[in-house]
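Below, each chain spelled out in residue letters.
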Amino acid sequence: MPDKGSPASLIAFDFGNRRIGVAVGQTLTASARELTTLQSVDGEPDWAEIDSIIDDWGPDLLLVGLPVNDDGTESTQCEAARDFAAALGEYGLPVQLIDEHLTSNEAARRLADDRRQGKRRRRVQKGDIDALSAVLIAEQWLYQRDISRQS
């Protein structure tokens, strides 16, 4: 994991069997933004696209959302997310799992609000939700990092 005091970039993934939301973040500004949504075929990510993203952005850390249930227990998707995180470990970068509890619901709510307020013209698509969920995963990690630095 990058030193807590040094600027670092990260890529966050909202893993799903059909789509993977991707966001980039950095500790210098404690901010994140959407990159893309990748398609998966039968749960198999587009590894060539992931290679390209990692090569282009040169992150110091990879984050993968862990989809836990409302009661904190692991969902049926947790094993697949863990397998994806383990495969990302082959890039030689630190990989962290982070609880993504309700990020998809929050992303859908924010996008729907933006559309109602006229900030967004086109309909909200599932890929939009996945990409914003990845942003929320990155922001959660950045927030937790900032809180631990203040302690």
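Anyway, here's the lowdown on the structure attached to this text. Predicted model, so just to flag it, every value in this text is computed and none were measured.

Examining the pairing of strand β2 (residues 19-26)
The side chains of a regular strand alternate, first on one face of the sheet and then on the other. Counting buried positions over the eight residues of β2 gives six, a clear majority of the element. Summarising the sheet, strand β1 (residues 9-14) and β2 pair through six bridges and their orientation is antiparallel. Looking across to β2, one finds that serine 9 is bridged to glutamine 26. Between β1 and β2, which pair antiparallel and follow one another directly, the connecting turn spans four residues. Where β2 and strand β3 (residues 31-39) come together, eight bridges link them in antiparallel fashion.

Overview of the packing of aromatic side chains
Applying the stated criterion across every chain, the model contains three aromatic pairs. For the ring pair phenylalanine 13 and phenylalanine 84, a centre distance of 5.4 Å and an interplane angle of 80° mean the geometry is edge-to-face. Note that phenylalanine 13 is positioned in strand β1 and phenylalanine 84 in helix α2 (residues 78-88), a separation of 71 residues in sequence. Of the two residues examined, phenylalanine 13 and phenylalanine 84, each falls in the buried class. Pairing phenylalanine 15 with phenylalanine 84 gives two aromatic rings, centres 4.8 Å apart and planes at 25°, and the pair type is stacked. Taken together, the residues phenylalanine 15 in the loop between β1 and β2 and phenylalanine 84 in helix α2 connect sequence positions 69 residues apart. For phenylalanine 15, a relative accessible area of 9% gives the class buried. On the accessibility criterion, phenylalanine 84 (3% relative accessible area) is buried. An aromatic cluster of at least three residues, connected via ring pairs, comprises Phe13, Phe15, Trp47 and Phe84.

What to know about the sheet that holds strand β5 (residues 95-99)
Pairing is mixed across the open sheet formed by five strands, whose spatial order is β3-β2-β1-β4-β5. Either end of the sheet is taken by a strand with one partner, and the two such strands are β3 and β5. The mean angle between the axes of side-by-side strands here comes to 25°, regardless of whether they run parallel or antiparallel. Its contacts with the sheet place helix α1 (residues 47-57) against β1, β2, β3 and β4 (61-66), and it is angled at close to 155° to β3.

Regarding unusual backbone geometry
Although it is not a glycine, alanine 30 sits at a positive phi angle of roughly 50°. By the secondary structure assignment, alanine 30 is in the loop between β2 and β3. According to the relative accessible area criterion, alanine 30 is partly exposed, its value standing at 34%. One non-glycine residue, aspartate 42, lies in the positive phi region at around 55°. Given the relative accessible area of 81%, aspartate 42 is considered exposed.

Reading the values: the criteria
- Residues numbered from 1 in each chain as written.
- Predicted model: local features only at pLDDT ≥ 70, side-chain atom pairs only at ≥ 80, totals over all residues.
- Heavy atoms only, no water.
- Buried < 20%, exposed > 50% of the residue type's maximum accessible area, 1.4 Å probe, protein only.
- Helix = DSSP H or I, 4+ residues; strand = E, 2+ residues; numbered from the N terminus.
- Pairing = 2+ DSSP bridges.
- Phe/Tyr/Trp six-rings, centres within 6.5 Å; stacked < 30°, edge-to-face > 60°.
- Axes fitted to C-alpha atoms, helices over the stretch in contact; angles between N-to-C directions.
- Contact = heavy atoms within 4.5 Å.

Everything listed is a geometric property; what it means functionally is a separate question.
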